[in-house]
Amino acid sequence: MTTPVLTSSQRPADTRQVRAMFDAIAPTYDLLNGVLSGGVHRVWERALVQSLPVCHFGSCLDLCTGTGALVPRLASKFERVVGADISPRMLHVARSRWKSLSNVTWVEADAQTLPFESASFDCLTVSYGVRNVPNLRQGLSEMWRVLKPGGTLAILEFGTPRNQLWKKLFSLYSRVVIPFIGGIISGERGAYEYLPTTAAAFPCGDEFVTLIQESGFEPLFTRRLLGGVAYIYVGRRPAEE
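Residue numbers here run from 1 along each chain, matching the order of that chain's written sequence. In keeping with the model being predicted, local features are shown solely for residues with a pLDDT of at least 70 and side-chain atom pairs are shown and tallied solely at 80 or more, while totals for entire chains, interfaces and linings include all residues. Values shown for side chains rest on all heavy atoms present in the structure; no hydrogens or waters enter the calculation.

**Student:** Run through the nonpolar core, naming residues and quoting values.
**Tutor:** Ranked by internal contacts, the top residues of the largest apolar core, which has 30 residues, are L61, L63, L124, M143 and F208. Note on conventions: DSSP H or I runs of at least 4 residues are helices, E runs of at least 2 residues are strands, and numbering of each starts at the N terminus. Secondary-structure elements contributing two or more residues to this core are β1 (55-63), β2 (78-85), β4 (121-127), α6 (136-146), β5 (147-158), α9 (206-214) and β7 (230-236). It only takes one pair of heavy atoms within 4.5 Å for two residues to be counted as in contact. If sequence neighbours within four positions are ignored, L63 has contacts with A84, A111, L114, L124, T125, V126, S127 and M143. Take the buried residues of types Ala, Val, Leu, Ile, Met, Phe, Trp, Tyr and Cys, join any two whose side-chain atoms come within 4.5 Å, and each joined set is a nonpolar core. Each residue is assigned to one of three classes by its accessible area relative to the maximum for its type, calculated with a 1.4 Å probe on protein chains only: buried under 20%, partly exposed between the two thresholds, exposed over 50%. Counting residues in hydrophobic clusters, the runner-up holds 27 residues, among them W44, L70, L225 and A230.

Next up, the structure:
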């Protein structure tokens, strides 16, 4: 199966494109994440979850959950966890992989129009997914809406290194190595040309913190990882509005 809807020069125009791409790469998604990152992505995911408050009687929405990589750690911190993703094939992998977790439910959902009541969750996490939301401001608005006042928002996303030499080396790896290996293993080279492009175009660091603020969140802290290859952003919906 090939995915012609996305190329390296395109950003997602709508959710159909994003769904089609992630459905296509779902079977090899976890394998490739491990191969392409050397396992570093798991260290970053653990750091993201460790930044969250322990809330054994609360609820957490893991948005753009993919195959549910964060979910086991979240399930040990929260009474109820919802893993939501636009890709049904990603969710199929997640359900099969984590079927032993009794406090987790899985929901197919578009991040721009979440099917949850306002103020439903104590915490909301997103890992490696926010850059694939076609209307980023709308997605952030929905995240604000479904969080309870005082609730925590935690986002892990790729960025652009600040050091010029490191930036050039990482760009070369992203443009050449990732599509080559991703294409061989998944058979979907176009997807692995597209994904690094979205990372390079994403408004990382202070620029994304500004977007978070403009969406109504109070930024708490930002952590740069591996010189800016990725960032952790933590904020909250103000308790008093």
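**Student:** An account of the packing of helix α2 (residues 29-37) against helix α3 (residues 40-50) is needed here, citing residue identities and associated values.
**Tutor:** The axes are straight lines fitted to the C-alpha atoms, using for helices just the contacting stretch, and the angles between their N-to-C directions are given from 0 to 180°. Relative to each other, α2 and α3 sit at 100°, their axes nearing to 7 Å. Here α2 lies roughly perpendicular to α3, going by the angle between them. Residues D30, N33, G34 and S37 of α2 pack against V40, H41 and R42 of α3. Gly is put with the polar residues, along with every residue not named as nonpolar or charged; the nonpolar set is Ala, Val, Leu, Ile, Met, Phe, Trp, Tyr, Cys and Pro, and the charged set is Asp, Glu, Lys and Arg. Class assignment for the residues of the contact of α2 with α3 results in one nonpolar, four polar and two charged. For classification purposes, angles smaller than 35 degrees are called roughly parallel, those larger than 145 roughly antiparallel, those between 65 and 115 roughly perpendicular, and all remaining angles oblique.

**Student:** Residue-level account of the environment of V107, with values.
**Tutor:** Structurally, V107 is set in strand β3 (residues 104-108). What makes V107 partly exposed here is its relative accessible area of 23%. Spatially, the C-alpha atom of V107 lies 9.7 Å from that of T65, the residues being 42 residues apart in sequence.

**Student:** Give a description of the pattern of salt bridges that names residues and reports values.
**Tutor:** Here, a salt bridge means any side-chain nitrogen of Lys or Arg that lies within 4 Å of a carboxyl oxygen of Asp or Glu. The full count for this structure, using the stated rule, is 10 salt bridges. Here K148 and D122 are joined by a salt bridge, their closest N and O atoms 3.5 Å apart. Of this pair, K148 sits in strand β5 while D122 sits in strand β4; the two residues are 26 residues apart in sequence, bridging distant segments of the chain. For D122, a relative accessible area of 22% puts it in the partly exposed group.

**Student:** With reference to specific residues and values, describe the sheet that holds β5.
**Tutor:** As summarised here, the arrangement of the seven strands in space is β3-β2-β1-β4-β5-β7-β6, forming an open sheet in which the pairing is mixed. Two strands in the sheet have a free side with no partner beyond their single neighbour: β3 and β6 (218-225). Mean inter-strand twist for the sheet, computed between neighbouring axes without regard to direction, equals 15°. Each of β4, β5, β6 and β7 is contacted by α3, which is oriented at about 165° to β5, the strand it contacts most. Note: two strands are recorded as paired if DSSP finds a minimum of 2 bridges between them.

**Student:** An account of helix α7 (residues 164-186) is requested, with residue identities and associated values reported.
**Tutor:** Here, expected helix span is obtained from the residue count minus one, scaled by 1.5 Å. A rise of 1.5 Å per residue sets the reference length of α7, with its 23 residues, at 33 Å; its end C-alpha atoms lie 31 Å apart and thus fit the reference within 8%. Where α7 bends most, at V177, the angle is about 30°, and the proline P179 comes one to four residues later. All of the buried residues along α7 are F170, S174, I178, P179, G182, G183 and S186. Residues of α7 that are buried sit in contact with α2 and α8 (189-201). Given a residue, its bend is the angle between the two axes fitted to the seven residues that end at it and to the seven that start from it.

**Student:** I'd love a proper account of the pairing of β6, names of residues and values included.
**Tutor:** Across seven bridges, the pairing between β6 and β7 is antiparallel. When the bridges of β7 are listed, E218 appears paired with R236. Counted between consecutive antiparallel strands, the loop separating β6 from β7 contains four residues, among which L226 sits at a positive phi close to 50°.

**Student:** Can you break down the pairing of β1 residue by residue, with the values?
**Tutor:** Of the strand pairs in this sheet, β1 and β2 are connected by six bridges, and their pairing is parallel. Across the sheet, L63 pairs through a bridge with A84, a residue of β2. Relative to β4, β1 runs parallel, the two being bridged by four bridges. Each residue of the ladder has a partner; that of L61, found in β4, is L124.

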